[in-house]
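Okay, here's what each chain looks like letter by letter:
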Amino acid sequence: MIGVDRDPAMLAQARERTSDLHGVEIREGDVHALPIGPASVDRAKIDRVLMHVAEPDAALTQLHRATRPGALVGLVEPDWDTLVVDAEDRQTCRDFTWYTTEKVVRNATI
Ligand SMILES: C[S@@+](CC[C@H](N)C(=O)[O-])C[C@H]1O[C@@H](n2cnc3c(N)ncnc32)[C@H](O)[C@@H]1O
């Protein structure tokens, strides 16, 4: 299994958490230029990353390049626009959701 992230702190955490697992390799890289050879994996998962990236289409093209034909791919992203905060003040909830969707998360509804 190969894990990829571009953030040094996340990479350090991932390496620490998987240090006792055989067959796990953590690589530094960007999803726009995945450090994985063409057609070299048959399973892939992107979990809460596409919402942050500058070019999601390019990232998915990279994923397509790295996976073998017939590979299983899982894509997991929250929809921030339908987020509900369980608060008594409904306007604060709406304001929080609006701010997160419009100002914080680049691809909030991907
Ligand atoms: C919400 S975290 C999810 C982390 C991990 N997928 C998980 O399930 O725990 C989002 C991650 O996306 C990474 N990220 C954002 N843009 C990236 C990019 N262009 N290339 C690689 N990683 C990226 C961040 O460094 C961060 O670790």
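See above for the structure.
The notes below deal with the structure included here. (Residues numbered from 1 in each chain as written. Predicted model: local features only at pLDDT ≥ 70, side-chain atom pairs only at ≥ 80, totals over all residues. Heavy atoms only, no water.)

1. Regarding the overall build of the protein chain
A count of helices and strands for the protein chain gives three helices and four strands. Listing each helix as α and each strand as β along the protein chain from the N terminus yields β-α-β-β-α-β-α. For 110 residues, the compact-globule formula gives about 13 Å, and the C-alpha radius of gyration of the protein chain, at 17 Å, lies well above that figure. Based on the C-alpha atoms only, the size of the protein chain along its principal axes is roughly 50 × 30 × 20 Å. Split into buried and exposed, the 110 residues of the protein chain put 25% on the buried side. Residue pairs in contact within the protein chain that sit at least 24 positions apart in sequence constitute 62% of those at least 6 positions apart. Here the protein chain displays about 8,000 Å² of accessible surface, and carbon together with sulfur accounts for 53% of that area. If you average the places of the 13 positive and of the 19 negative side-chain charges in the protein chain, the two averages end up 5 Å apart. (Helix = DSSP H or I, 4+ residues; strand = E, 2+ residues; numbered from the N terminus. Rg over C-alpha atoms; globule rule 2.2 N^0.38 Å. Buried < 20%, exposed > 50% of the residue type's maximum accessible area, 1.4 Å probe, protein only. Contact = heavy atoms within 4.5 Å. Areas by Shrake-Rupley, 256 points an atom, 1.4 Å probe, with all protein chains shown as cover. Lys, Arg positive; Asp, Glu negative; His and termini not counted. Charge placed at Lys NZ, Arg CZ, Asp CG, Glu CD.)

2. Examining the layout of surface pockets
Quantified by volume, the largest pocket comes out at close to 1,300 Å³. Looking at the largest pocket, it is lined by 34 residues, and the ones nearest its centre are Gly3, Val4, Asp5, Lys45 and Val49. At the level of elements, strand S1 (2–5), helix H1 (8–17), strand S3 (41–47) and helix H2 (56–66) are the ones that each hand at least two residues to the lining of the largest pocket. If one sorts the elements of the lining of the largest pocket by residue count, S3 sits on top with six residues. Taken together, the residues that form the lining of the largest pocket break down as 18 nonpolar, six polar and 10 charged. (1 Å grid on protein atoms, 1.4 Å probe; cavity = no way out; pocket = protein on both sides within 12 Å on 5 of 7 lines; lining within 4 Å. Points joined across faces, edges and corners; volume = space filled by probe spheres on them. Nonpolar A, V, L, I, M, F, W, Y, C, P; charged D, E, K, R; others polar.)

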